[in-house]
Amino acid sequence: MSFDKLDIKDNSAREGRACILVCNLVGKDLQKVKNCAMILGIRDQIILNSKNGNTVIKDVLDNNINAECEDGRKERAIIFNSIAPAKMNIFIENLKKVRVNNVLKAVVTETSVNWSVNEVISNLVAERTAISKGNFDEIHHK
């Protein structure tokens with residue numbers, strides 16, 4: 001696990017496809033997430049569900065999404081790719097304001113870009129559990 005504090009003043013552009021991966025959100029919550037993203041100029045939003053769980057993040061970013069996973073994770077998550085930390089911070093604050101709660105959040109890294117959506121979500125769940133227990137000794141599953 002790695003925890004880095006967001007530099008909420010860093011508004012610099014990032015290299016790569018600036019987008020968010022929205023996992024397992026539906027209905028009003030999905031619409032709220034889309035609206036928050038559009039307000040911040042994040043027009044590239046990739047909507048995923050549990051059937052896409054075996055797709056590697058790199059493939060998702062290349063629009064090569066597999067929809068044949070039968071045992072995908074169902075936890076709700078938002079994964080940021082190449083979004084400036086300042087925008088991520090505002091986005092997360094806006095989610096709180098519109099009451100989209102209990103959503104896991106992550107940033108694509110050099111390591112996680114090679115993980116499947118299921119692996120990312122699984123690690124986010126493990127991180128949340130570790131934080132709630134105050135145990136930061138565990139490492140990623142992969």
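Residues numbered from 1 in each chain as written. Predicted model: local features only at pLDDT ≥ 70, side-chain atom pairs only at ≥ 80, totals over all residues. Heavy atoms only, no water.

**Concerning the sheet that holds strand S1 (residues 19–23)**
Inference 1: Spatial strand order, S2-S1-S3-S4: four strands in an open sheet with mixed pairing. Whereas interior strands pair on both sides, the edge strands pair on one side only; in this sheet they are strand S2 (45–48) and strand S4 (104–107). Ignoring strand direction, the axes of neighbouring strands in this sheet form an average angle of 15°.
Inference 2: Sheet topology note: the strand S3 (residues 77–81)/S4 ladder contains four bridges and is parallel. Each residue of the ladder has a partner; that of Ile 78, found in S4, is Lys 105.
Inference 3: Lying over the sheet, helix H3 (residues 85–97) contacts S1, S3 and S4, oriented at roughly 160° with respect to S3.
Inference 4: Contacts from helix H4 (residues 117–133) reach S1, S2, S3 and S4, with the element oriented near 115° to S4. (Pairing = 2+ DSSP bridges. Helix = DSSP H or I, 4+ residues; strand = E, 2+ residues; numbered from the N terminus. Axes fitted to C-alpha atoms, helices over the stretch in contact; angles between N-to-C directions. Contact = heavy atoms within 4.5 Å.)

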